[in-house]
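Each chain, letter by letter, is given below.
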Amino acid sequence: MEVVTGTLDGKYGSFALQHFATMDPSGPKMQVIVVPGSGTATSKALEGTFVIRIEDGKPFYDFDYTLPEVQREEQ
């Protein structure tokens, strides 16, 4: 688990990423997801997956996500 804080598509907030990793004879496999409901502030509705690729010994990151508009609750 890790917590990410920053700005995404102009919206500030935090969210948690959960890492799942296994290894079998074909090699390592990793899946990283945004923990459902972990978003704060304007990142509250964030959903997505995060892929870490290694090419020529260098890491690359692909973040496939949706960030719907957050509706303010009436008080």
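Residues numbered from 1 in each chain as written. Predicted model: local features only at pLDDT ≥ 70, side-chain atom pairs only at ≥ 80, totals over all residues. Heavy atoms only, no water.

> Explain the sheet that holds strand β1 (residues 2-8) here, please?
In any sheet, the strands associate via hydrogen bonds between backbone groups, in a parallel or an antiparallel arrangement. In spatial order, the strands read β1-β2-β3-β4-β5; together these 5 strands make up an open sheet with antiparallel pairing. What marks the edges here is a single partner per strand, and that holds for β1 and β5 (58-66). Neighbouring strand axes in the sheet, compared pairwise and without regard to direction, differ in orientation by 30° on average. Relative to strand β3 (residues 27-34), strand β2 (residues 11-24) runs antiparallel, the two sharing 8 bridges. Along β3, the bridge assignment pairs D24 with G27. (Pairing = 2+ DSSP bridges. Helix = DSSP H or I, 4+ residues; strand = E, 2+ residues; numbered from the N terminus. Axes fitted to C-alpha atoms, helices over the stretch in contact; angles between N-to-C directions.)

> Would you mind going over the pattern of salt bridges with me for this structure?
Note that side chains of opposite charge can pair when their charged atoms are close. Within this structure, the stated rule accounts for 3 salt bridges. Note that R53 is salt-bridged to D62, the shortest N-O span being 2.6 Å. Look at D62 and you get partly exposed, because its relative accessible area is 34%. What emerges from the salt-bridge pattern is a single network uniting R53, E55 and D62. (Salt bridge = Lys/Arg side-chain N within 4 Å of Asp/Glu carboxyl O. Buried < 20%, exposed > 50% of the residue type's maximum accessible area, 1.4 Å probe, protein only.)

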